[in-house]
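# Topology and contacts: notes
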Amino acid sequence: QVQLVETGGGSVQPGESLTLSCTASEGISGIDNMAWYRQAPGKQRELVASITYGAVKKYTNTVKSRFTISREDVKRTVWLQMNSLKPEDTVVYYCNADHQPVNSDVYSDGWGQGTQVTVWS
């Protein structure tokens with residue numbers, strides 16, 4: 001089973017930066033869309049940023065000009081560079097990848113385990 005492993009969460013002060021990384025395990029023949037979501041306690045998971053196979057990027061309005069999503073398919077990795085962090089960015093972030101497992105004809109939706117980002121003052 002394909003796994004998505006996230007790293008890079010942590011605690012920072014307002015205005016500081018963090019970079020989240022998510023790498024898919026081997027056993028994938030292709031990855032289409034990759035994205036970062038976040039979820040606060042008691043709330044729905046929301047899309048933060050996404051990037052297509054062709055590198056078309058989209059961002060939710062609250063993070064535009066502060067966050068940057070990127071990917072490198074050879075490494076099966078997607079990153080989220082987060083600058084000018086604010087206390088309201090404090091939530092758990094999840095990686096998502098629409099991927100095709102080896103020996104499968106269909107794409108599956110995969111999720112990472114989540115990584116906590118805390119912005120405190």
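Keep in mind it's a predicted model, so treat the numbers as computed, not measured.

### Thoughts on the environment of Gly114
- With respect to the secondary-structure elements, Gly114 resides in the loop between strand S10 (108–111) and strand S11 (115–119).
- Through-space distance from the C-alpha of Gly114 to that of Leu85 is 18 Å; in sequence the pair is 29 residues apart.
- Those residues in contact with Gly114 that sit more than four places away from it in its chain are Glu6, Val92, Tyr93 and Tyr94.

### A word on unusual backbone geometry
- We note that Ser65 has phi near 75°; this positive angle belongs to a residue other than glycine.
- For Ser65, the location among the structural elements is in the loop between strand S6 (57–59) and strand S7 (67–72).
- Taking the relative accessible area as the measure of exposure, Ser65 reaches 80% and is therefore exposed.
- Although it is not a glycine, Arg76 sits at a positive phi angle of roughly 55°.
- Here Arg76 lies in the loop between S7 and strand S8 (77–82).

### Thoughts on the state of the cysteines
- Applying the stated criterion across every chain yields a total of one disulfide.
- With its sulfur 2.0 Å from that of its partner, Cys22 forms a disulfide with Cys95. Looking down the S-S bond of the Cys22 and Cys95 bridge, the torsion is -75°, so its handedness is left-handed. Here Cys22, found in strand S3 (residues 18–24), pairs with Cys95, found in strand S9 (residues 91–101); they are 73 residues apart in sequence, far enough to count as distant.
- Residue class for Cys95 comes out buried when judged on its relative accessible area of 0%.

Rules behind the numbers
- Residues numbered from 1 in each chain as written.
- Predicted model: local features only at pLDDT ≥ 70, side-chain atom pairs only at ≥ 80, totals over all residues.
- Heavy atoms only, no water.
- Helix = DSSP H or I, 4+ residues; strand = E, 2+ residues; numbered from the N terminus.
- Contact = heavy atoms within 4.5 Å.
- Buried < 20%, exposed > 50% of the residue type's maximum accessible area, 1.4 Å probe, protein only.
- Disulfide = S-S within 2.5 Å.

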